[in-house]
Every structure is written in C-alpha cells, then in structure tokens.
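Breakdown of the fold
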Number of protein chains: 2
Amino acid sequence: MRLAIIGGLAAGPAAAAEAKRRAPDAEVVLFEQGPHISVGTCEIPYLLGGHLEPETTLQVLTPEAMERTRGVTVHVRHRVTALDPRRSRLTVEALDYGSTREEAFDRFILATGARARRLGVEGEDAAGVFTVRDLVDTHAIQRWLDTQPVRHVVIVGGGYIGLEMAEAMRSRGLRASILDPNGRVLGSTVACEASDLMDRAVAEAGVPVRAERATEILAEDDGRVRAVRTDRGELIGCQMVIVSVGVEPRTELAAAAGLRLGDMGGVAVDDQMHTSARSVWACGDVVQIPRAPDGRRVLWPLATMARRTARVAARNAAGSASTRSADRFRPFAGAVGVRAFGVEVGSVGLSLSRALDAGFDAVATDVRHVSRTRAFPEAAPIDVRLVSERGSGRILGGQLVGREGAALRANVLVPLVIGGGTVRDLAEDFDLIYNPPLGPAVDPLKVAASQAMRDAG
Amino acid sequence: MRLAIIGGLAAGPAAAAEAKRRAPDAEVVLFEQGPHISVGTCEIPYLLGGHLEPETTLQVLTPEAMERTRGVTVHVRHRVTALDPRRSRLTVEALDYGSTREEAFDRFILATGARARRLGVEGEDAAGVFTVRDLVDTHAIQRWLDTQPVRHVVIVGGGYIGLEMAEAMRSRGLRASILDPNGRVLGSTVACEASDLMDRAVAEAGVPVRAERATEILAEDDGRVRAVRTDRGELIGCQMVIVSVGVEPRTELAAAAGLRLGDMGGVAVDDQMHTSARSVWACGDVVQIPRAPDGRRVLWPLATMARRTARVAARNAAGSASTRSADRFRPFAGAVGVRAFGVEVGSVGLSLSRALDAGFDAVATDVRHVSRTRAFPEAAPIDVRLVSERGSGRILGGQLVGREGAALRANVLVPLVIGGGTVRDLAEDFDLIYNPPLGPAVDPLKVAASQAMRDAG
C-alpha cells in the first residue's frame, strides 16, 4: 500500500508517523513545498522574543530524522500541483530542479494547512512587511531585526498571534503598536469579551492598541517599509510591519481535484476525516471539524486539532475497511489559551456572541473573583464569564482572565462542554481543589456557576 | 420553626446562613464552644509563616457580623452537652457563667467537626506542644514563637498540614524537622505516591524527614518542651513541637443522642445529610459522605466538603417535606491540592492503594513530562500518575506534581472521576489548552492518558 501525505508543517508529519504505526508495511511518502517539516509554529513569537534556549530551532523533526526514525519517505521543496483521485495519481514539482512528475498512490492524506491572510492593501509587498506562519517567515523576521535599524513595529491584528508578537517585540526593547478595528486585543479566536485585564496589561506595557485599519503601506525609495496609513488618515512611522489577521485554508489542490468544500471554505470531511473522494482523507487546518456543543463544522486552525485530526485521518487511511469505523473524530471543546504581558486567558467552548449566532438561548454570567484569598499579597483579580443555555443551564462555554491561575482553570470546562454538563453540576456537585496558595476558598469557576444558576434558571 | 446549629467553625456557620436564606422566618441559633466562629482554618500555616497581610485575622465572620448580616443568633463559649431528639431538646452549658440550661428546638444540625488526633505519648502536655486546628491553637503558637527562644521545631506527621507548617517555620528562619513513619511527606490524604519532586524540594529547603515515630516528649523542669524521643531511640532537641497526625470526628454528642455512626466512626447520614433521628441533620467533618467513583461513605474532613454538606443539610433541615428531596449530596471527586517549597500537588479521586483497597482492578500509569516545552528555560518536570480500571479504562483518580502548572491541571479529572470518564476520552477526545508559556504541545494529562490506554487496555 502506497500512501501519499501532502503537506508537512504539523498535521502531515503527525499523520505520516501514525500511518506507519498502524500499517508498518505501507510505503508512506510525505511531500512538503517548503524546506522544513514538523515545525513548532506556536513557539515562533517566543523564539523571536528571545525567551527560548539559544539553540532552539523549532524543528521538532528534520526530514532526515523523520525518514530514519519513522520510516517515512520525505520530499521537501516538492509542491504537489495536481491530485487526480480517480486515476490515483498526483503531479509533483521538484522546486529545486524545475522538474515535474506523476506518481501513483493507493491513498492520499491532504494536509495542505492554511496560509496567513493578507491585508490586500497597496504597498503590502514592501520589504519589512511579514506574516508569522512558518520558519521561512521566522528567519526572514529575525534577519530583518538583526540587520535593519528597527525601532517601531506596527502589528496589524490584535488576535493571539498579534498579541504574542507585540510582547516579543517589547522583550527586544522595541516600540510596538497594534492596529485592530475592535480597539482591543483578543476579539475573536480567544474570546476575552468580558474582561479588560489583558487590555490594561497591554496598555501598561506601553503598547497602544489603535481602533484603526491599515489602508496602505508606504515604503522608502529602496523598498523598505517606512509607514502605515490608516482609515483615519493617520500615518504611523515604522521600520517593520507584522500582519496577523488570521489564516485561510489552502484548498486550491482540493478544489481542483473536485473534493467537496464546506460552508466556511475548508475541505469537507466526515467523522473519519474522509473527503468526498474514496481514496482521499484530509486533516489539519484545511478541514472543517465539528465543535461541541452544537456539532457545527468549523475551521479551527490550532495545533491541538492538527494532531487529533491527523491521528483520525491516518488510522482510517492506513487501516482496513473493518478497523476504520473505530476511529472517529468527536466534537471538540475549543480550548484555547494565551499568556502575554503577565496576564493569561483560558477559553473553552462558545463565546456569548458565537452561542447566540449558533441559535442558542444563551446567557452570559460575569464574575470578578480572586486568584487567592485577599489575605495574600499576591491575590489578583480573575474575571470569569460563563456562557450557558437559559432553562437547561447547560454550559456552552467559558473564559477566565487573570494574572495567576486563570488559563488552566478553564480546562475543567472541557468535559462539561463536550458532555453536556450544567452550571448546577459545576456549582454544587464538583469539588475543585482548594488550598490557600492555589486559589480562594470557593473556586472562581464555582462562584460563576452559582451566579449562573440564578441567571439561567 | 426553631433550628439549632451545633458547632461553628466552618460547616455550622455555612449551614446557618443557608438555612436563613431558605427559611427567612425560621429562628436559627448557633452554639459554639470556642470563642470564634467561621474561621479560615486552611490559612493558619500561612498566617504563622508571615505570608498574609498583617491585619489578617482568619475570622471570616465575627459572631456580631453573623447576627447582623445573616440574622442568626450566635452563642459562643456555649457547649452543647446533650441532645435529646425524641424530646426535641438540647442541654447547653454557658462556659463563661458555669450555668446549664435546656432549650427546645424543632430541628437540629450537628456540625461538631473533628478534633486533632493526639499522639498518646508521655509528655504530650508539655508547654510548647501544639496541634493546628483553630484560632485558639493559632494564637497559642504565635505567642510561643513570640516569647520563647525557639530555634528548632519538630513536626510530627508529614501530611499536608505538617508540610505547610514546616514551610511556615522555615519562612520564619527556624529549623524544622518532620517525623513521619513513611520517611516522606504527603503519604495519605494528598496522594503523592509516584513522585519524589516534593520530597526533593523539602530536602533542598533544609527540612529533614525522619522515618521515625515520636515515643515520648521530654520537658525542662519548668514544663517547657526540650526534646522528642523517637522509636529509634534518638533524642531530638527542640523548643516547640507541632503534632499533625490527622483528625477524628467529634461524635460524643451524636453517640450519646443515639444517632447511628458509620464504619469509619463518623455520623451516618443519607444523601440529604439526614441522620438516623427524624429531627437531626449533620454536616462537616463529623459525617461520612459518599465518594466517587465507588460510592463508599468515608470521612473527608476538608473545607470544600464542609461547605457542600452544610448547604445540603441546611436546605433539607430548613425546607418543607415537599422541597427536600431536591437537594441531595452526590458523590464527591476528592480534589485536594497543596503547594509548599515551590512545588505543587493536585490529586483527584483514588490513589492506587485506595483503588486496590476498594476492590478495583486498578492500574497506575506514571509519566514524567514537562510544564512547558523544553525550549523554555522555565520548563520544569511534571509527574503524572493516572489510576484507571483495567479493561474499561475508567479513570479512578490521578495526581500531578511539579513546580508550575501541576495542581490546577488535576481539576480536569473531577468531571471524569464523577462522571465515569475513561482514559480514552482524555487521550483522544478532550482538547486541553495549549499555548507555549502555559504548557507543552501535548498536555501532561493527555500524555499519561495515552500511555494508560496501553496499560489498561
């Protein structure tokens, strides 16, 4: 059995390794258009901020190590330009040689991932304008910072990557400004709706967050970025721009192969990560996957889901028809965390706006509690928002924000969001850990849940 | 309706306040033999260690505040010496006046709590030998430390209170030694079976843990403690002794009243916290309550359970027959946490030894992972033990130990232990938060659960 894996950043290598575990005799070949595979992309801001050990490369596995330790054949700098499921063939271009060939496989796993969204404004190709997606970006940013007289970095987009990059730039002693139409950070992926603790920390760190959009990027005569123009007509001088306005799935190959796409533009798959073509499975940032609590299939381009979808896709692609049905993807909780400027955020499930969009009769309960009893000098506020369904009290989501003990507390909500737990379960039946240096006498989540019993009752 | 609450340390005041909320017209009278009510006993070691704000008293509510804000009549320094459920009367001794009277009530809530166990060795009454249970103890310890030339403190018992007191004494610049027959700390209540991280931290803090028992306490001619003799014949010189060898329920009143006791010596109650007498409910450290995952009724003398049992007892005692059945105590998860000497422990559910004692075909899976990816200089080991049932993979308990991100992670196990979740759920279907400063790419709990799928499969 020959299995082709298309894409090598995160989901691809995970799928390749899992396929070899399931079917050691299969020939597994991985194609990646870039020079690296298996990259720890989540750590890029920490590498650029100088927070990691100096020898860190973010390459979890080199192509050589992947071949040697996992038995997977790896072709980097090879772009798959066409996939023909009916003829079970793909066309691949060897970028370093300019040659193109056709290869036959029995099965395919599509892991083409997502690309950073562009602004679509004039001047975006100026030197010194970067997205943050892979090691090629990372090395280019590093080189720019090392060789150019950078003093001020404009970050377009206040999502979690924008926030992490702002912290990285401040750690290097640079000025940083964030442009975000919301006028605040963490508006969407990591819901931070009901707390201003992170915004205050960003402001205290000297990073202005401007409620403006970039409308043009201006360059010096030699092509180097010199300023960003905004929709308020402001001209913000800078020597570097980071564009972090989200990602979009790379579906060109899938679309040309005739695979069905979902309503959000990702590749449509069933619970076995099987696409609409008999011999093709897909995984990672390119697929739409069902979320708890409503089963809606959405794009959720995070490392945790890359690994999980890869595992399911590989087991089914590498398995026989009889073993396949055992490996199904079940709706995910949507757990996300961020820590920056000393404040951490944990978010699980639906924000209020997403819950309302999904048609739930949802109610938000907001509570400000503390990270320890107030008798401790270290006691810091924790803001909790619980989102629950009116009447049933079912927990749809929740967010915690604070300086200590906030993010990981949110993980308790994962089994509840997935399993249909209620605010009553959390308020009355769950004993969470209490010890004075670890938290207040009644856990912030339980305080919020008790309040939510009244709000949602 | 007249309701008497007997005992005022933690469960009693919580029950009194909840009863007044449920039945505002009821007359609620609380009797406490000591001078204080509503004490934050868990924070005593932090007060003694100088870790709290200087004005801290640990009195959550004074008797006056309880009367004024909750509408509860409070009698401190009043000892209930007899309870006659048939005649609906109790006998109470006013300690400051030496007078005794009988009072009639419709219903009773017994919250007599637990007392610190004594060693039962010669010399235990020497001046400078203390238990750590209430504010009277606390003030006595404080006075001893302030007035005596204390250099070395011997702590008998290496449970979580002994450990916290050792840290408190070190924070004051005193020498401290722990005697524990296990030769290590955290042997029982907080299960720390599979990790030596806490033991190493204790050793590095200069606190020897001696695998010895105290057999005699020796005093100076003036009655002040001068040494502890051990079962190895050693004589350990000291100027203060802390005895922290657990607690036992105060059941004298219940037993004399003819209430049924459980097999562990606590008061037997049903899921409504109703005792064997029609007009008597009970709550707090004195009752046996059902634990998850096996429903066995055990003593679990922790603040979290004091509040929860108090709420159930008060709602049922204060409610009418028709509303009562709604408020039932459901099996608890047994979540416990400790942080000392920079290491934290979180434990939920059954340890391996308790699971085996309970008759489960239990298997323990031990994994050493990290608190963040190794690229971070802050990365520190986290030891995880998952206890699961062979075959079914049902999670029976788990413990995490580490310098950061360990204790609160264990809370994720609470819904699983209570709800019958499996290692497969945790390994494959739960997406836990991943962000580089908050944890490694695969959460330590998930790594352990994946390993447990192989161990328990």
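Residues numbered from 1 in each chain as written. Chains lettered and ligands numbered in written order. Predicted model: local features only at pLDDT ≥ 70, side-chain atom pairs only at ≥ 80, totals over all residues.

This brings us to the overall build of chain A. Looking only at helices and strands, chain A has 13 helices and 25 strands in total. For 457 residues, the compact-globule estimate of 2.2 N^0.38 gives 23 Å, and chain A sits close to it at 23 Å. The C-alpha extent of chain A, read off along each of the three principal axes, is 70 × 65 × 40 Å. Relative to its 457 residues, chain A shows a buried fraction of 56%. (Helix = DSSP H or I, 4+ residues; strand = E, 2+ residues; numbered from the N terminus. Rg over C-alpha atoms; globule rule 2.2 N^0.38 Å. Buried ≥ 20, exposed ≤ 12 C-beta atoms within 10 Å, placed from the backbone.)

Take the nonpolar core next. Counting residues in each nonpolar core, the largest one holds 314 residues, and the members touching the most others are A15(A), I109(A), A282(A), A15(B), I109(B) and A282(B). With near-sequence residues (within four places) excluded, I109(B) lies in contact with L3(B), I5(B), I6(B), A15(B), W281(B), A282(B), C283(B), A313(B), A314(B) and A317(B). (Core = buried A, V, L, I, M, F, W, Y, C linked by C-beta atoms within 7 Å. Contact = placed C-beta atoms within 7 Å.)

Residue and element names in this part refer to chain A. The element strand β6 (residues 99-104) is barely covered by neighbouring structure, given that only zero of its six residues are classed as buried. In terms of strand pairing, strand β5 (residues 89-94) meets β6 through six bridges, oriented antiparallel. Each residue of the ladder has a partner; that of R89, found in β6, is A104. Between the end of β5 and the start of β6, which pair antiparallel, lie four residues, with G98 showing a positive phi angle near 70°. (Pairing = 2+ DSSP bridges.)

This part takes up the confidence of the model for chain A. Mean pLDDT for chain A: 95, with 97% of residues reaching 70 or above. Predicted complex, confidence summary: ipTM 0.95, pTM 0.95. (pLDDT = per-residue confidence, 0-100.)

On to the interface of chain B and chain A. Across the contact, 50 residues belong to chain B and 49 residues belong to chain A. When contributions to the side of chain B that touches chain A are tallied by element, the ones reaching two or more residues are α8 (303-318), β22 (336-340), β23 (343-349) and α11 (413-419) of chain B. Residues of the side of chain B that touches chain A, tallied by class, amount to 29 nonpolar, 12 polar and nine charged. (Nonpolar A, V, L, I, M, F, W, Y, C, P; charged D, E, K, R; others polar.)

To describe two helices that pack against each other, one gives the angle between their axes and the distance between the axes. All names here are of chain B. Contact pair helix α1 (residues 11-22) / α8: the axes reach a minimum separation of 8 Å and the direction vectors enclose 40°. In terms of crossing hand, the pair formed by α1 and α8 is right-handed. Mapping the contact onto sequence places A11, A14, A15, E18, A19 and R22 in α1 and A306, R307, T309, A310, R311, A313, A314, R315, A317 and A318 in α8. Residues of the contact of α1 with α8, tallied by class, amount to 10 nonpolar, one polar and five charged. (Axes fitted to C-alpha atoms, helices over the stretch in contact; angles between N-to-C directions. Left-handed = near helix turned anticlockwise from the far one by under 90°.)

All names here are of chain B. Read from one edge of the open sheet, three strands run β18-β20-β21, paired in mixed fashion. Because the sheet does not close on itself, it has two edges, and the strands there are β18 (267-268) and β21 (297-299). Relative to strand β20 (residues 287-290), β18 is paired through two bridges, and the arrangement is parallel. From the neighbouring strand, A268 faces β20, where its bridge partner is Q288.

Moving on, we get to the relation of the copies chain B and chain A. Here chain B sits on chain A after a turn of 180° about the axis and a move of 0.0 Å along it, with an RMSD of 0.0 Å. Such values leave the two copies arranged in the relation of a two-fold axis. For chain B, the residue whose C-alpha comes nearest the rotation axis is V412(B), separated from it by 2.3 Å. Of all interface residues in chain B, 98% are interface residues in chain A too; the two copies therefore contact each other through one and the same surface. (Least-squares fit on C-alpha atoms with pLDDT ≥ 70 in both.)

We now examine the pairing of strand β13 (residues 214-219) of chain B. All names here are of chain B. One ladder, built from five bridges, connects β13 with strand β14 (residues 225-230); its direction is antiparallel. Paired with A219 across the strands is V225, a residue of β14. Adjacent in sequence and paired antiparallel, β13 and β14 are bridged by five residues, among which G223 carries a positive phi angle near 95°.

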